[in-house]
Amino acid sequence: MVEGYKVIVVGAGHAGCEAALAVARMGCRALLLTLNLDAVAQMSCNPAIGGLAKGHLVREIDALGGEMARNIDATGIQFRVLNTKKGPAVRASRAQADRDLYRARMKRVIEDQSGLDLKQAQVVSLVVEGGRVVGVETRDGLRFMAPAVILTTGTFMRGLIHVGLCHYPGGRAGEPPSEGLTDQLRTLGFSVGRLKTGTPPRLDAATIDFSKLEEQPGDLCPKPFSADTLSIDRPQVACHITYTNERTHEVIRQGLDRSPLYSGIIEGVGPRYCPSIEDKVVRFPEKDHHQVFLEPEGLTSGEVYPNGVSTSLPVDVQLAYLRTMKGLERVEIMRPGYAIEYDYVDPIQLLPSLETKLLRGLYHAGQINGTSGYEEAAGQGLLAGINAALQVKKRKPVVIGRDQAYLGVLIDDLVSLGAKEPYRMFTSRAEYRLLLREDNADQRLSPLGREVGLLTDERWQGFTSKLSNLERGKHCLQTKRISPGNYNALARLGLQNLKNGASLEELLRRPEIGIGDLDFLDVELTSFSQEVRSELETEVKYAGYIRRQREQVERFRRLESMEIPVDFDYDAINGFSAEVREKLKRVVPRTIGQAGRIPGVTPAAIAILTVFLRR
């Protein structure tokens, strides 16, 4: 028996790494257990971080003091901002990673972190005493003891890999599954389900004719994810684009009889928003082509990731349909694509702190909660680590609201709605997305990161300096004015008909004028960083919409502030239908606001509940 740890983290994927680092950085001795020391922070699927809504999550992780943003900044090989032609709320950063460098750097960070031990072991059971977890037991018979445990098992719990009609146990290609935990969790009363995800084949770059393909370069001025990264000055690698066609789709249709997805072999529910290529062909027969992004796996790797053709078809069918695409006529597969089924635990059984309702001291984070994606996992891992450390310190847990962060939206969705299919974050899931932009993630969350002890003094000084510059910039825009007699300035701005004077803020509200157009009117504007200038422009141009959303948030907070006692007796309310009563008892919502987001709980039921609480 090994004692002395405060928190044990099971699984060293993206959730586990963030959880363990957070615990150790908050001053609690942590143990991180993984099946394979060579696969820490492994990018099991696409070699990229960020994307639509996911980039927001990475910025939020960084604002709280997590590691993912720094890691991709140090190991990225192409950086792009997506949706640049759309509004600031839905612009998002994405970066291709060197898969090997990403994994190696994260492992080094973990190994160098004081107060954190990294060990290779397979956890087969939890040690439970008196309704709470007190440790874990490994397949080798070792017991590691701690008052808090975080499960971040990814796709490993009873993982089953499918390639065509062949299937075999595995948590990831080339790695064994985790056995034992599922049965114990069921015995403890947890509702366990089955999900499915997949990955495309990896292609040999030497067999691709890139001259036939559309090149997709990175941004000329790469934008870092982390506030700790001053700049990205490395050369960037291009990605390429090809397309499926009618021949591709015909080859896939002919191979469906050997697809585990369509022959009934796969039982798990797959991701709705990231379907396999065979699913796309069947579900969208009207589409005559689908876009495929060819993404390099790294600077020294010969493998290419064809984003968009995830599959579980037999290898011969995979090769046949790939060779129907432009540029891939002679392509060779280095690793076949596959689907994987795995167990997850319905997250409706979690508190908003990510601690389980059934077992005190046990936290779940990542794909065990039914989510998909590195970013969703890392965000959950970070919050689970923070709250596990806070519990050990006998402090109240952190609960992030829907109005504070995409991370708050993610967790509220999971604990209020559960997960019947793999959950993926989108900007459309957030009601207040104009307030939850990438550029203000630090203002929303850095004070919390500082409070729990995850932001360094240097980082905090940088943040407070930015706030000071924003205030100076606002003052400059509000107080500096242009008079109608300043004909040269008006002509330069195309405002010859301006009859009255105007502040720079009023000028900036005009859609045709950007903040750079005003530099000649006040040299102080040029002293601010591009980040500050961009945020100033956004706040001014969208001021009316932002004010409206803040008013909505205030109304929302009134509902969220009305708490429901944990032991509230729903059976005592006669006005509830059996369905409403059952759902409220199953979720045990924290607040009136959360109760109102449970499907099937009607506005009438919320009104009745509110009356009872006010009594």
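Residues numbered from 1 in each chain as written. Predicted model: local features only at pLDDT ≥ 70, side-chain atom pairs only at ≥ 80, totals over all residues. Heavy atoms only, no water.

Q: Got a sec to walk through the domain arrangement of the protein chain? Specific residues and values, please.
A: Each assigned domain of the protein chain is listed with its residue range as follows: domain 1 (7-76 + 102-196 + 342-452), domain 2 (202-339), domain 3 (457-552) and domain 4 (562-613). Computed from C-alpha coordinates alone, the two centres of domain 1 and domain 3 are separated by 41 Å. On the side of domain 3, 17 residues touch domain 1, which itself brings 16 residues to the contact. Overall, the association of domain 1 and domain 3 removes approximately 1,400 Å² of surface from exposure, summing both partners, and the carbon and sulfur fraction of that is 52%. It is L434, L435 and R450 in domain 1 that bury the most area against domain 3; as a group they hold 37% of the surface buried on that side. Counting across the domain 1 and domain 3 interface gives 4 salt bridges. (Domains from an automatic or database assignment. Contact = heavy atoms within 4.5 Å. Buried area = accessible area lost by both parts, 1.4 Å probe. Salt bridge = Lys/Arg side-chain N within 4 Å of Asp/Glu carboxyl O.)

Q: Kindly report on the environment of E535, identifying the contributing residues and their values.
A: For E535, the position within the fold is in helix 15 (residues 530-541). Judged by relative accessible area, E535 falls into the buried class, the value being 1%. For E535 and D439, which are 96 residues apart along the polypeptide, the C-alpha to C-alpha distance reads 6.6 Å. Residues in contact with E535, not counting those within four places in the same chain, are R437, D439, N440, Q443, K466 and L470. (Helix = DSSP H or I, 4+ residues; strand = E, 2+ residues; numbered from the N terminus. Buried < 20%, exposed > 50% of the residue type's maximum accessible area, 1.4 Å probe, protein only.)

Q: Report on the packing of helix 15 against helix 16 (residues 543-560), specifying residues and quantitative values.
A: Between helix 15 and helix 16, whose axes approach to 5 Å, the crossing angle comes to 75°. Taken together, helix 15 and helix 16 sit at an angle that is classed as roughly perpendicular. Residues T538, E539, V540 and K541 of helix 15 form the contact with helix 16, whose participating residues are A543, I546 and R550. When its residues are assigned to classes, the contact of helix 15 with helix 16 shows 3 nonpolar, 1 polar and 3 charged. (Axes fitted to C-alpha atoms, helices over the stretch in contact; angles between N-to-C directions. Parallel < 35°, antiparallel > 145°, perpendicular 65-115°, else oblique. Nonpolar A, V, L, I, M, F, W, Y, C, P; charged D, E, K, R; others polar.)

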